[in-house]
Amino acid sequence: MKIDVILGLQWGDEGKGKIVDYLATKYDMVARFQGGPNAGHTLKFDGKKYVLHTIPSGIFREDLMNLIGNGVVIDPITLEKEIKNLEAADVKYHDRLLVAKKAHLILPTHRYLDAASEAAKGKDKIGSTLKGIGPTYMDKTGRNGLRVGDIYHESFHERYDALKAKHLELLKIYPSIEFNLEEEEEKWFNSLATLRSLKAVDGEWYINKAIKEGKRVLAEGAQGSMLDIDFGTYPFVTSSNTITAGVCTGLGVAPQLIDQVIGITKAYCTRVGGGPFPTELHGEVGEKLRKEGAEFGATTGRPRRCGWIDLPQLKYTIMINGVTQLVITKIDILNIFDSIKAGVKYQREDGSETDMLPYDVVVEDLKPIWEDIEGWGSSLEGIDTYEDLPAKAQDFISYLEKKLEVPITMISTGPERQELILRTADLAV
Ligand code: GDP
Ligand code: IMO
Ligand code: MG
C-alpha cells in the first residue's frame, strides 16, 4: 500500500481538518507530518465543533490509528488541553494515539523567544502565532533540541536546564518581554505526565511496517504551501516544510511510497499575519468575504485577510506538491456574490505581465489581473451531488479545473462533515 497526502495550497486554513476527518474512515492511520500548535484544524459534526492543534484529525473516527510524526513540534501543555477536550467528548483516544519519539518539544522559553523575536522585528513582524514554532525548529536544526524520546532519560532535567539557560542568555539580546517562567515551567513539567501516558513509538519503523502490511495511511499537513520555509513568501512563512516533500522527512517514508496528493484550496483566498498577498481585497468586498466566511483564526482568533482566488499562486503550489486531485472548500461563501473574480496573472512594477510568482514577491507590489465569473446567487444547502449544483456553480468548477489542469474531486459546501460533494464514487465513505 501507499500513502496519500492532504495539504493546503494557500496560506493555511483551507479546511484540511474537515476533509481529513471526512476521508479518515477510508484509512487505517492518519499521521501529522509537520507544524505544531500554530495549526488550528476545525471539525464539525453532529452540530458540535472541535479544534485540533497537534492531534491528527482522524481521532474522532473509530478503529484507526493517529500518529503525531517526528516532523511535528509538540507543546505538552497544548497537547494536554487537547486530550482533555477529547476526554470531555468521551472519545476513546488512548490506544489510537501515538507520538513519534523523534518529535521535538516546545519549551516555555521557546515561546518567549518567539515573542521577543517578533517584538524586535517591529512593523516587519511575521505575525507568528507566538507558539514557539520558529525557535523550536531553530533548536532542531541547530542540534540543541529536546525530543519526546528524551523525557524518559535520567539526564532529561539536566538537558532541559542547559537549554533553558541558553535561551535566557539569548533573551537578553532582544527587547524585554514579560514572562513568569516559574509558573509556566511548573505547568510544562506537569503536562509531561500526559505525554508520558501516550505510546511513544519509532514512527518511521511503525509507519513503514504498516504500509508493508497493506495498511492505508493518510498524511495530514498543517499550514499551507505558501507558508513553506523554502517555497513560501519568505520570510513571512512558518519554519517547516509544509509541502509533499515534508511527508518524507516528517514521517520517514520514501518518496515512491506517496500515491495521491490531495491539495485543498478555498474558493477564494485568506491569510493570517503579515506578508504578501497579491489578490487581497481591502475594501467592502474583502470585508464581506470575512464576514460571510467567518474568517477569524482557529488558533489566535485574529481576523484573516481576505481576497479572491489567485490562480498563478495555485499553479505554483500544485507544481511544487505534485497535486493529483483538488478539493475546493467554502464555495458556499460565494453564494452572496453576483460576480466573482479570479486573479489570472500579475502585473509587475515594470508594467510586464506574468503568471509565475516572482522571487521578489515580498518587495514588489504585484497587481492582479482579474477575470470575472458570474455568480449563482443561491444557497447550496442540501445539495449533495454535482449535477444538482446550480449551472453557474458548475461553470465555476469547470473554469478552475481548466485553468489549474487538475481534477476537482471534492467540493465542500459547508463546515459540517457531510456537507461535501464527491465527484468520484471511490471517495465515498
Ligand atoms: P484548516 O486549518 O485547514 O483545518 O482550516 P480551519 O479549521 O482553520 O479553517 C477552516 C474554517 O472553515 C473552519 O471554521 C471550518 O469549520 C470551516 N469550513 C470548512 N469547510 C467549509 C465549507 O465548505 N464551508 C464553510 N462555510 N465553512 C467551511
Ligand atoms: P493551519 O494548519 C494559517 C502563519 C502565522 C504567521 C506565520 C508564521 O491551521 O492551516 P508561526 O507561528 O508558524 O511562526 O507563524 O504563519 N500560520 C498560519 N496561518 N493557518 C495555520 O495553520 C498557520 N500556522 C502558522 O499566522 O503568519
Ligand atoms: Mg487552521
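Data block above holds the structure.
Given the structure is predicted, the values throughout are model-derived calculations rather than measurements.

Chemist: Explain the site of ligand 1 here, please?
Modeler: The full set close to ligand 1 counts 18 residues, and Gly-15, Lys-16, Thr-42, Asp-332 and Ser-412 are the nearest of them. For ligand 1, an oxygen atom lies 2.7 Å from a polar atom in the backbone of Lys-16. Residue Thr-42 places a side-chain N or O atom 2.5 Å away from an oxygen atom belonging to ligand 1. Protein contacts shield 92% of the accessible area of ligand 1, which totals 590 Å² for the unbound molecule. Elements represented by at least two residues in the shell around ligand 1 include exactly helix 1 (16-23) and strand 3 (41-45). Sort the elements by how many residues they give to the shell around ligand 1 and helix 1 lands first, with 3 residues. Of the residues contributing to the shell around ligand 1, the split by class is 3 nonpolar, 8 polar and 7 charged.

Chemist: Any chance you could explain helix 2 (residues 76-88) here in plain terms?
Modeler: At 3.6 residues per turn, the α-helix brings residues three or four places apart onto the same side. In this model helix 2 runs 18 Å from its N-terminal to its C-terminal C-alpha over 13 residues, within 8% of the 18 Å that 1.5 Å per residue would give. For helix 2, the side-chain oxygen to backbone nitrogen distance between the N-cap and Ile-77 is 3.0 Å, and the N-cap itself is Asp-75. Following helix 2 by one or two positions, Asp-90 adopts a phi angle in the positive range, close to 65 degrees.

Chemist: Any chance you could explain the nonpolar core here in plain terms?
Modeler: What tends to happen in soluble globular proteins is that the nonpolar side chains get buried as a cluster. Within the largest apolar cluster, 58 residues are counted, with the highest numbers of intra-cluster contacts made by Ile-3, Ile-207 and Leu-334. Considering every element that reaches this core, the biggest residue donor is helix 11 (residues 391-404), with 6 residues. Among all residues touching Ile-207, those that are not within four sequence positions of it are Ile-3, Met-29, Ala-31, Leu-67, Val-217, Leu-251 and Val-253. Ranked by size, the runner-up nonpolar core spans 31 residues in total, among them Ile-55, Ile-77, Ile-83 and Ile-151.

Chemist: Help me understand helix 5 (residues 156-171) in this model?
Modeler: With 16 residues, helix 5 ought to run about 22 Å at 1.5 Å a step, and its terminal C-alpha atoms sit 22 Å apart, in line with that. Considered for burial, the residues of helix 5 that qualify are Phe-156, Tyr-160, Leu-163, Lys-164, His-167 and Leu-171. Buried residues of helix 5 fall within an arc of 105 degrees about the axis and therefore sit on the same side. Residues of helix 5 that are buried make contact with strand 8 (104-105), helix 3 (108-121), helix 4 (133-141) and helix 6 (181-197).

Chemist: Looking at this structure, how should I read the coordination of the magnesium ion (ligand 3)?
Modeler: Here the magnesium ion (ligand 3) is held by Asp-13 (OD) and Gly-40 (O), and the distances to it run 2.1 to 2.2 Å. Pair noted here: Asp-13 is in the loop between strand 1 (3-8) and helix 1 and Gly-40 is in the loop between strand 2 (29-32) and strand 3, with a separation of 27 residues, a long-range link. Asp-13 sits in the partly exposed class, given a relative accessible area of 21%. Since its relative accessible area comes to 11%, Gly-40 is described here as buried.

Chemist: How should the pattern of salt bridges be read in this particular structure?
Modeler: Side-chain pairing between opposite charges can occur once the charged atoms of the two side chains come close. A complete count under the given rule lists 30 salt bridges for this structure. Residues Asp-124 and Lys-123 are paired through a salt bridge, measuring 3.6 Å at the closest nitrogen-oxygen approach. Taking the shortest distance from any N to any O, the salt bridge between Lys-330 and Glu-295 comes out at 3.0 Å. Linking Lys-330 in the loop between strand 15 (325-329) and strand 16 (339-347) with Glu-295 in the loop between helix 9 (284-292) and strand 13 (305-307), this pair joins segments that are 35 residues apart in sequence. Owing to a relative accessible area of 0%, Glu-295 belongs among the buried residues under this scheme. Beyond isolated ion pairs, a larger network of salt bridges with shared partners links Asp-13, Lys-266, Glu-295, Arg-304 and Lys-330.

Chemist: I tried to follow the sheet that holds strand 20 (residues 420-422) on my own but got confused; where do I start?
Modeler: In a beta sheet, neighbouring strands pair by backbone hydrogen bonds and run either parallel or antiparallel. Spatially, the 10 strands line up as an open sheet ordered 9-7-5-2-10-1-11-15-19-20, and their pairing is mixed. Two strands lie at the open edges of the sheet, namely strand 9 (199-201) and strand 20, each paired on one side alone. Each neighbouring strand pair of the sheet contributes to a mean axis angle of 25 degrees, computed without reference to strand direction. Where strand 5 (residues 65-68) meets strand 7 (residues 97-100), 3 bridges bridge the pair, whose relative direction is parallel. In the sheet register, Asn-66 faces strand 7, and the bridge partner there is Leu-97. Running over the sheet, helix 1 touches strand 1, strand 2, strand 10 (217-220), strand 11 (258-266), strand 15, strand 19 (408-412) and strand 20 and is turned about 155 degrees from strand 1.

Each value, and the rule that gives it
Residues numbered from 1 in each chain as written. Chains lettered and ligands numbered in written order. Predicted model: local features only at pLDDT ≥ 70, side-chain atom pairs only at ≥ 80, totals over all residues. Heavy atoms only, no water. Near = heavy atom within 4 Å. Polar contact = N/O pair within 3.5 Å; in protein donor to acceptor, adjacent residues only side chain to side chain. Areas by Shrake-Rupley, 256 points an atom, 1.4 Å probe, with all protein chains shown as cover. Helix = DSSP H or I, 4+ residues; strand = E, 2+ residues; numbered from the N terminus. Nonpolar A, V, L, I, M, F, W, Y, C, P; charged D, E, K, R; others polar. Expected span 1.5 Å × (residues − 1). Core = buried A, V, L, I, M, F, W, Y, C linked by side-chain atoms within 4.5 Å. Buried < 20%, exposed > 50% of the residue type's maximum accessible area, 1.4 Å probe, protein only. Contact = heavy atoms within 4.5 Å. Arc of directions from axis to C-beta. Donors = N, O, S within 2.8 Å, 3.2 Å for Na, K, Ca; no water. Salt bridge = Lys/Arg side-chain N within 4 Å of Asp/Glu carboxyl O. Pairing = 2+ DSSP bridges. Axes fitted to C-alpha atoms, helices over the stretch in contact; angles between N-to-C directions.

The values reported here are purely geometric and, on their own, carry no functional implication.
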